[in-house]
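Residues per chain are reported as follows:
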Amino acid sequence: MRKLKGSRRLSVATFWSEVGTRAISYLCAVILMVIIVSSTVQETVQELNRICIYASVALAVLWCIPFIRLTRMRLQDAGFTPKAYLWLLLPLVGWLVFAGLMCVKGKSRTPETAVEVL
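Residues numbered from 1 in each chain as written. Predicted model: local features only at pLDDT ≥ 70, side-chain atom pairs only at ≥ 80, totals over all residues. Heavy atoms only, no water.

Within the protein chain one finds three helices and zero strands. When the elements of the protein chain are put in sequence order from the N terminus, they spell out α-α-α. Here the protein chain holds 118 residues, and the buried ones make up 24% of them. Look at the contacts in the protein chain between residues 6 or more apart in sequence, and 67% of them connect residues 24 or more apart. (Helix = DSSP H or I, 4+ residues; strand = E, 2+ residues; numbered from the N terminus. Buried < 20%, exposed > 50% of the residue type's maximum accessible area, 1.4 Å probe, protein only. Contact = heavy atoms within 4.5 Å.)

Membership of the largest hydrophobic core is limited to twelve residues, which are Leu-10, Phe-15, Val-19, Leu-70, Met-73, Leu-75, Ala-78, Phe-80, Ala-84, Phe-98, Leu-101 and Met-102. Those elements that place two or more of their residues in this core are helix H1 (12-40), helix H2 (45-78) and helix H3 (93-102). By residue number, the principal contributor to this core is H2, which donates four residues. Counting residues in hydrophobic clusters, the runner-up holds five residues, among them Val-30, Met-33, Val-37 and Leu-48. (Core = buried A, V, L, I, M, F, W, Y, C linked by side-chain atoms within 4.5 Å.)

With that settled, the discussion passes to the packing of H2 against H3. It is at 9 Å that the axes of H2 and H3 come closest, and there the two elements cross at 65°. Where H2 approaches H3, its residues Thr-71, Arg-74, Leu-75 and Ala-78 are matched on the opposing element by Phe-98, Leu-101 and Met-102. (Axes fitted to C-alpha atoms, helices over the stretch in contact; angles between N-to-C directions.)

Our focus in this paragraph is the layout of surface pockets. Taken as a whole, the second largest pocket spans an internal volume of roughly 240 Å³. Along the walls of the second largest pocket sit 13 residues, with Phe-67, Thr-71, Leu-88, Trp-95 and Phe-98 positioned nearest its centre. Where the lining of the second largest pocket is concerned, the elements lending two or more residues are H1, H2 and H3. In the lining of the second largest pocket, the residues fall into twelve nonpolar, one polar and no charged. (1 Å grid on protein atoms, 1.4 Å probe; cavity = no way out; pocket = protein on both sides within 12 Å on 5 of 7 lines; lining within 4 Å. Points joined across faces, edges and corners; volume = space filled by probe spheres on them. Nonpolar A, V, L, I, M, F, W, Y, C, P; charged D, E, K, R; others polar.)

The next subject is H3. In an α-helix, one turn spans 3.6 residues; hence positions three or four apart end up facing the same way. Restricting attention to buried positions, one finds in H3 the residues Gly-94, Phe-98, Leu-101 and Met-102. Each buried residue of H3 lies within a common arc of 100° when the element is viewed along its axis, so the set occupies one face. Turned more than 90 degrees away from the buried face of H3, the exposed residues are Val-93 and Leu-96. Structurally, H3 contributes buried residues whose contacts are with H1 and H2. (Arc of directions from axis to C-beta.)

In this structure, Asp-77 sits in helix H2. Reaching out from Asp-77, the side chain makes a polar contact with the side chain of Arg-74 at a distance of 2.6 Å. (Polar contact = N/O pair within 3.5 Å; in protein donor to acceptor, adjacent residues only side chain to side chain.)

To continue, consider the confidence of the model for the protein chain. Chain-level statistics for the protein chain give a pLDDT mean of 78 and a share of 83% at 70 or above. Ranking the elements of the protein chain by mean pLDDT puts H2 last with 83 and H3 first with 88. Every residue in residues 1-6 is under pLDDT 50, and counting partners more than four places away or in other chains gives ten contacts. (pLDDT = per-residue confidence, 0-100.)

Time to look at a nonpolar patch on the surface. On the surface, a cluster of nonpolar side chains totalling about 630 Å² of accessible area is made up of Ile-53, Tyr-54, Val-57, Val-61, Leu-62 and Ile-65. Position of Leu-62 among the secondary structure elements: in helix H2. Looking at Leu-62, the relative accessible area reads 56%, which means it is exposed. (Patch = residues over 30% accessible without salt bridge, like charges linked within 9 Å, V, L, I, M, F, W, Y side chains within 5 Å. Areas by Shrake-Rupley, 256 points an atom, 1.4 Å probe, with all protein chains shown as cover. Salt bridge = Lys/Arg side-chain N within 4 Å of Asp/Glu carboxyl O.)

Rendered as structure tokens:
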């Protein structure tokens, strides 16, 4: 990710391009991992499936760590507090609201003037 100049601002376009890039890299890593595991490990199909599932979950967790940082920077740029993450606890509707918050145009606000969304 590009280093942001001094502030922790992240525009909508930069956020979604980073998310897309990271999603594609995750999918490529999973596909490469499945190919390598299936060609090197001489196990049954059930064992290969289990190994690939565990490795995919581990990759997903590693992928989420920088994603959380990106979303926090995006929330701050849009002027929302980290309490907006609570929307993710609601199935479907909360995720749609959170995605909508990620699309709000950034404003130059300080953390003291951040908007409470809950």
